[in-house]
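Results of the structural survey
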Amino acid sequence: SNTGLVATSLSIIMGFWILFNSIIQLANSLEFKKLGFSFWAYELISGIIGIVLSLIILANPSLGALTIAVVIGTYMVLFGIAEIYEYSLYRKIQK
């Protein structure tokens, strides 16, 4: 089997997934701003970081599995932190 082709294909798929998810985050941040939520800026920053990381992946899909893993891992950690923080703020609003 051709592992290079698989690694490149996986990189492209993950790059597009991160890109689409980040675009949704940007749209959500604008909606949060309209609704007056104070945490809209964190969602905006997370979306921008995600778009930058996805463009890095899509521009260089053959960088290698390790580099892609680091970029994707970084994105997932940042996304997770943003989601946990957003959830905690949402819970405070609901009380």
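Up top is the structure.
To start, this report covers the structure provided alongside it. (Residues numbered from 1 in each chain as written. Predicted model: local features only at pLDDT ≥ 70, side-chain atom pairs only at ≥ 80, totals over all residues. Heavy atoms only, no water.)

Helices and strands together make up the secondary structure of the protein, namely three helices and zero strands. In sequence order, the protein lays out its α and β elements as α-α-α. Dimensions along the principal axes, computed over C-alpha positions, put the protein at roughly 55 × 20 × 15 Å. Sorting the 95 residues of the protein into buried and exposed places 29% on the buried side. Taking all contacts inside the protein whose residues are at least 6 apart in sequence as the whole, residues at least 24 apart take part in 69%. Surface summary for the protein: the accessible area is close to 6,200 Å², and the carbon and sulfur share equals 72%. Separation between the mean location of the 5 positive side-chain charges and that of the 4 negative ones in the protein comes to 9 Å. (Helix = DSSP H or I, 4+ residues; strand = E, 2+ residues; numbered from the N terminus. Buried < 20%, exposed > 50% of the residue type's maximum accessible area, 1.4 Å probe, protein only. Contact = heavy atoms within 4.5 Å. Areas by Shrake-Rupley, 256 points an atom, 1.4 Å probe, with all protein chains shown as cover. Lys, Arg positive; Asp, Glu negative; His and termini not counted. Charge placed at Lys NZ, Arg CZ, Asp CG, Glu CD.)

Once that is clear, we can look at a nonpolar patch on the surface. Among the surface-exposed residues, Ile12, Phe16, Phe20 and Ile23 lie close enough to one another that they form a single nonpolar patch of about 370 Å² accessible area. Note on placement: Ile12 falls in helix α1 (residues 3–35). Note on Ile12: relative accessible area 32%, which makes it partly exposed. (Patch = residues over 30% accessible without salt bridge, like charges linked within 9 Å, V, L, I, M, F, W, Y side chains within 5 Å. Salt bridge = Lys/Arg side-chain N within 4 Å of Asp/Glu carboxyl O.)

Before going further, it helps to spend a moment on the packing of aromatic side chains. Counted under the stated rule, the structure contains seven aromatic pairs. Consider the rings of Phe16 and Phe20, whose centres lie 6.0 Å apart with planes at 25°: the pair is stacked. Here Phe16 pairs with Phe20, and both are found in helix α1, just four residues apart, close to one helical turn. Where Phe37 meets Phe39, the ring centres are 5.3 Å apart and the plane angle is 25°; that geometry is what we call stacked. An aromatic cluster is present here, built from Trp17, Tyr75 and Phe79 joined pairwise through their rings. (Phe/Tyr/Trp six-rings, centres within 6.5 Å; stacked < 30°, edge-to-face > 60°.)

What follows deals with the nonpolar core. Met14, Ile18, Leu53, Ile57, Ile68, Val71, Ile72 and Tyr75 together form the largest nonpolar core, which totals eight residues. Every element with two or more residues in this core is listed here: α1, α2 (40–59) and α3 (65–94). Counting residues per element, this core draws most heavily on α3, which supplies four residues. Filtering out sequence-adjacent residues up to four positions away, Ile72 remains in contact with Met14, Ile18 and Ile57. (Core = buried A, V, L, I, M, F, W, Y, C linked by side-chain atoms within 4.5 Å.)

Right, let's talk about the environment of Trp17 for a bit. On the secondary structure map, Trp17 appears in helix α1. Looking at Trp17, the relative accessible area reads 41%, which means it is partly exposed. Between the alpha carbons of Trp17 and Val77 there is a distance of 15 Å; along the sequence they are 60 residues apart. Not counting residues within four places of it along the chain, the set of residues in contact with Trp17 comprises Tyr75 and Met76.

Another point: the packing of α1 against α2. Packed helices, taken two at a time, are described by the angle between their axes plus the distance between the axes. Where α1 contacts α2, the two axes come as close as 8 Å, and the packing angle between them is 160°. As the angle between them shows, α1 and α2 are arranged roughly antiparallel. Pair α1 / α2 crosses with left-handed handedness. Looking at the contact of α1 with α2, its residues break down into 13 nonpolar, 10 polar and two charged. (Axes fitted to C-alpha atoms, helices over the stretch in contact; angles between N-to-C directions. Parallel < 35°, antiparallel > 145°, perpendicular 65-115°, else oblique. Left-handed = near helix turned anticlockwise from the far one by under 90°. Nonpolar A, V, L, I, M, F, W, Y, C, P; charged D, E, K, R; others polar.)

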